[in-house]
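Chain and residue survey
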Amino acid sequence: MMDKLCSETVTLYHPDAAHRLVVRRVVRGVYWQQGRRTLPDAGGTRQGTALLVVIPQTAARYGADYTLAPGDRLCLGEGPALQWEDWPGFVPAAVENAAVVQYVLPMRLRGRLHHVEAGAWWNGSGTGVHSLTR
């Protein structure tokens, strides 16, 4: 069943500050779900875009083929190569189909890593729980 759901191509971006470069990895066979999220709070209701990405181990091996951490960027499809100078501007407010990772959950099945779930949420200005424009 997971094979039928995981039909998207996603580009992962991981910053390497020590070498002033952005590591780019294109992964095929990924699940990308994007939709609206509403959070009621004391000041009213905040709305934004929510994202869930699932990367099966059969598509790419977490820790061996790619790394993913909060603050990394994702792009639906085959995204562009980025130079270090491009990194600060590669955010949802400026780039269509871009997202900033807020959490990464390696998921296990029968004691073995099965897939990784990553997610985020943001509003139209590119901000969410934390500023995504930095």
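The structure this text deals with has already been given above.
All of the points below concern the structure found in this document.

Calculation notes
- Residues numbered from 1 in each chain as written.
- Predicted model: local features only at pLDDT ≥ 70, side-chain atom pairs only at ≥ 80, totals over all residues.
- Heavy atoms only, no water.
- Helix = DSSP H or I, 4+ residues; strand = E, 2+ residues; numbered from the N terminus.
- Buried < 20%, exposed > 50% of the residue type's maximum accessible area, 1.4 Å probe, protein only.
- Areas by Shrake-Rupley, 256 points an atom, 1.4 Å probe, with all protein chains shown as cover.
- Salt bridge = Lys/Arg side-chain N within 4 Å of Asp/Glu carboxyl O.
- Pairing = 2+ DSSP bridges.
- Phe/Tyr/Trp six-rings, centres within 6.5 Å; stacked < 30°, edge-to-face > 60°.
- Lys NZ or Arg CZ within 6 Å of the ring centre and 35° of its normal.
- Lys, Arg positive; Asp, Glu negative; His and termini not counted.
- Polar contact = N/O pair within 3.5 Å; in protein donor to acceptor, adjacent residues only side chain to side chain.
- Contact = heavy atoms within 4.5 Å.

Observations concerning the overall build of the protein chain
Counting secondary structure elements, the protein chain contains one helix and seven strands. Secondary structure elements of the protein chain, listed N to C terminal, follow the sequence α-β-β-β-β-β-β-β. Buried positions account for 35% of the 134 residues belonging to the protein chain. Accessible area for the protein chain stands at about 7,700 Å²; split by element, carbon and sulfur atoms hold 51% of it.

Description of unusual backbone geometry
Here the phi dihedral of arginine 20 falls at roughly 50°; this positive angle occurs in a residue that is not glycine. Position of arginine 20 among the secondary structure elements: in the loop between β1 (8-16) and β2 (21-41). Phi at arginine 110 takes a positive value of approximately 55°, unusual for a residue other than glycine. You can see arginine 110 is positioned in the loop between β6 (103-109) and β7 (112-122). Residue arginine 110 is classed as exposed on the basis of its relative accessible area, which comes to 78%.

Details of the pattern of salt bridges
Across all of its chains, the model carries four salt bridges by this definition. Overlapping salt bridges, with partners in common, bring together Arg24, Arg28 and Glu78 in one network.

Notes on the pairing of strand β4 (residues 73-76)
In regular strands, side chains alternate between the two faces of the sheet. Where β1 lies against β4, four bridges are found, and the strand directions are antiparallel. By the bridge assignment, valine 10 is partnered in β4 with leucine 76. Two strands pair when backbone bridges link them, and β4 and strand β5 (residues 98-100) are joined in this way by three bridges, in the antiparallel orientation. Residue pairing across strands places arginine 73 opposite valine 100, the latter belonging to β5.

Some remarks on the packing of aromatic side chains
Tallied over the entire structure, the rule returns two aromatic pairs. If you follow arginine 73 out to its NZ or CZ, it ends over the ring of tryptophan 87, 4.0 Å from the centre.

A look at the environment of serine 7
Counting through the fold element by element, serine 7 comes out in the loop between α1 (2-5) and β1. Look at serine 7 and you get exposed, because its relative accessible area is 56%.

Quick look at the side chain of aspartate 72
Among the secondary structure elements, aspartate 72 is positioned in the loop between β3 (44-56) and β4. For the buried aspartate 72, which has no salt bridge, the nearest side chain bearing the opposite charge is arginine 73, at an N-O separation of 6.6 Å. Here histidine 14 takes part through its side chain, which lies 2.8 Å from a polar atom of the side chain of aspartate 72. Contact partners of aspartate 72, with chain neighbours within four places excluded, come to Tyr13, His14, Pro15, Thr67, Trp87, Ala99, Val100 and Val101.

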